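# Residue-level structure breakdown
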Amino acid sequence: MRLRNITGSREVIAQSPYVIHEDTLEARPGTWGEIFGNSAPIHIEIGMGKGKFIHTMARLHPDINYVGIEKYSSVLLRALQKMEEEELPNLKFIRMDAEDICKVFAEGEVDRIYLNFSDPWPKDRHAKRRLPSREFLARYDRILKKDGWLEFKTDNRPLFDFAVEELEPAGWNARVITYDLHRDPALMEGNVMTEYEEKFSSMGNPICKYVIFRS
Ligand code: SAM
């Protein structure tokens, strides 16, 4: 039966061979090499939505292991449908709130983190929920390899300005900052568009991007 014909997304996710379950002991820190059956680098996208970006990346880079993280079952289900159409051995998913990311990856286990078009949480009192906030940067600091880096793209200028301001207090440095990615041919080389990037750039919104390392 094709996934799109099944209504209960939680049940589908529970049985999916593409999903590693945070609430069982499957996704334990330090076990990702075993899960993928090799020791290739691990790149993760946090808040992957329907998975267009990470699925494309996994197809283009078979020598990298990818893990897509998404909070909502109904959204993750769409990524599973893509996997059903084109199965990739180097891509797995977890349905979880990224607040708990340190429960599923060991210190230094991740080689690269992608944040794409993260939810802006515009109210000040919700700043801690923003995925590029200093609270989240502290979590990424634990799971990311020493020389690993994080890439963030968004068309939301207030969120991007906030993200840039968070870097220094959190102890991170930007190697790349652009406020108009699509007009920068060098940075566009190898750029894989996310679903939101396609939508907002086609509306004429400039796309901001940074690439950051620990200081
Ligand atoms: N990255 C995709 C793109 O660029 O097309 C989707 C962007 S969408 C605006 C943000 C996604 O992040 C949503 O699917 C949302 O459910 C997910 N998300 C937000 N906060 C999250 C969290 N704390 N943990 C995991 N996923 C989260």
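By convention here, each chain's residues receive numbers from 1 onward along its written sequence. For this predicted model, a pLDDT threshold of at least 70 governs which residues receive local features, and a threshold of 80 or more governs which side-chain atom pairs are given and counted, while totals over whole chains, interfaces and linings are taken from all residues. Think of the side-chain values as coming from all heavy atoms in the structure, minus any hydrogens and water.

By salt bridge we mean one thing: a side-chain nitrogen of Lys or Arg within 4 Å of a carboxyl oxygen of Asp or Glu. The final tally for this structure, using the stated rule, is twelve salt bridges. The partner of Asp141 in a salt bridge is Arg214, with the nearest N and O atoms 2.6 Å apart. Here Arg214 lies in strand β7 (residues 208–214) and Asp141 lies in helix α5 (residues 134–143), a separation of 73 residues in the sequence. Residue Asp161 pairs with Arg157 through a salt bridge whose shortest N-O separation is 3.0 Å. Taken together, the residues span about one helical turn, with Asp161 and Arg157 both in helix α6 (residues 157–170) at a distance of four residues. When a residue's accessible area, from a 1.4 Å probe over protein chains only, is under 20% of the maximum for its type it is buried; when over 50% it is exposed; and in between it is partly exposed. We classify Arg157 as partly exposed; its relative accessible area is 41%. Note on conventions: DSSP H or I runs of at least 4 residues are helices, E runs of at least 2 residues are strands, and numbering of each starts at the N terminus.

Quick look at unusual backbone geometry now. For Phe117, which is not glycine, the phi dihedral falls at a positive 50°. Take Phe117: it is sitting in the loop between β4 (110–116) and α5. Unusually for a residue other than glycine, Trp121 sits at a positive phi of about 40°. Its location among the elements puts Trp121 in the loop between β4 and α5. A relative accessible area of 26% means that Trp121 is categorised as partly exposed.

With that settled, the discussion passes to the domain arrangement of the protein. Just so you know, the domain bounds were taken from an automatic or database domain assignment. When the domains of the protein are assigned, the result is domain 1 (1–17 + 37–98) and domain 2 (107–215). Taking the mean C-alpha position of each, domain 1 and domain 2 sit 21 Å from one another. Contacts between the two partners involve 14 residues from domain 1 and, on the opposite side, 19 residues from domain 2. Take the accessible area each of two parts loses on contact, using a 1.4 Å probe, and add the two losses: that sum is the buried area. When the two sides are added together, the surface that domain 1 and domain 2 hide from each other amounts to roughly 1500 Å², 63% of it contributed by carbon and sulfur. Between domain 1 and domain 2 we count two salt bridges in total. Between Glu198 and Lys52 there is a salt bridge, with the nearest N and O atoms lying 3.3 Å from each other. Polar contacts, as counted here, are pairs of nitrogen or oxygen atoms within 3.5 Å of one another; within protein the pair requires one atom able to donate a hydrogen and one able to accept it, and residues that are adjacent in sequence qualify only if both atoms are side-chain atoms. Applying the counting rule to domain 1 against domain 2 returns nine residue pairs in polar contact (both at pLDDT 80 or more). Throughout, a residue-residue contact means that at least one pair of heavy atoms, one from each residue, lies within 4.5 Å.

Neighbouring the ligand are 18 residues; Gly47, Glu70, Ala98, Asn116 and Thr194 lie closest to it. Contact distances for the ligand include 2.9 Å between a nitrogen atom and a backbone N or O atom of Asn116. A distance of 3.0 Å separates an oxygen atom of the ligand from a polar backbone atom of Tyr196. Taken by itself the ligand offers 600 Å² of open surface, and the protein chains cover 93% of this. By the convention adopted, Pro, Cys, Tyr, Trp, Phe, Met, Ile, Leu, Val and Ala count as nonpolar, Lys, Arg, Asp and Glu as charged, and the other residues, Gly among them, as polar. Among the residues making up the shell around the ligand, the classes are represented as eight nonpolar, four polar and six charged. Residue assignment places the shell around the ligand across two domains, with domain 1 (1–17 + 37–98) and domain 2 (107–215) each supplying three or more. Being near a molecule or strand, for a residue, comes down to having at least one heavy atom within 4 Å of it. We get accessible surface area from the Shrake-Rupley algorithm with a probe of 1.4 Å; when it comes to residues, only the shown protein chains can shield them.

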